[in-house]
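# Fold and geometry: a report
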Amino acid sequence: METLSVATRSRCEMRDITAQVRELVARGRQQGRRNGALLLFSPHTTCGLTINEGADPDVRRDMVRFFSAMVPQDAGFDHAEGNSDAHIKTTLHGPSLMLIVEDGQLQLGRWQSVYLCEGDGPRQRTLWARWLPGEEDGTRP
């Protein structure tokens, strides 16, 4: 298993990690991993992962603002740590992504980027990455 380290700067943010994921794919390519999938997983209960538009930063800001309005921090939750909103937002985003790697390249749509969705920052986060080989590589999981 490989890991990615991501520092978040705000309580709630969508941190673009596409470049880090591409670097991970490049390291995999050097190890002969050309086709398959990369499973990216957040072992944290207050930050998730998603893929969405990366070309217009307004989309990311709109999404953070919408999620914060939809699940406000001060909604009267019982959890003593005061971060129930982050747990709920993480459930909405989800803890993992399955990313396709073909010919040694991360496959994303034209406008897509990979995001860590922070709900309880700023924090230092660690993501886990697992390679799932494709049949074209001659290997089976």
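Structure first, text after, so check above.
Remember, it's a predicted structure, so these values are computed and weren't measured experimentally.

Quick look at the sheet that holds strand S2 (residues 13-16) now. One open sheet holds the 3 strands; their spatial order is S2-S7-S4, and the pairing between them is antiparallel. Strand pairing shows two members of the sheet lacking a second neighbour, S2 and strand S4 (47-53), which therefore form its edges. Recorded for the sheet is a direction-independent mean angle of 35 degrees between the axes of neighbouring strands. For S2 and strand S7 (residues 112-118), the ladder comprises 4 bridges, and the chain directions are antiparallel. Looking at the pairing, Arg 15 lines up with Leu 116 of S7. In the packing of helix H2 (residues 57-70) onto the sheet, contacts are made with S2, S4 and S7, and the angle to S2 comes to roughly 145 degrees.

How each quantity is defined
Residues numbered from 1 in each chain as written. Predicted model: local features only at pLDDT ≥ 70, side-chain atom pairs only at ≥ 80, totals over all residues. Heavy atoms only, no water. Pairing = 2+ DSSP bridges. Helix = DSSP H or I, 4+ residues; strand = E, 2+ residues; numbered from the N terminus. Axes fitted to C-alpha atoms, helices over the stretch in contact; angles between N-to-C directions. Contact = heavy atoms within 4.5 Å.

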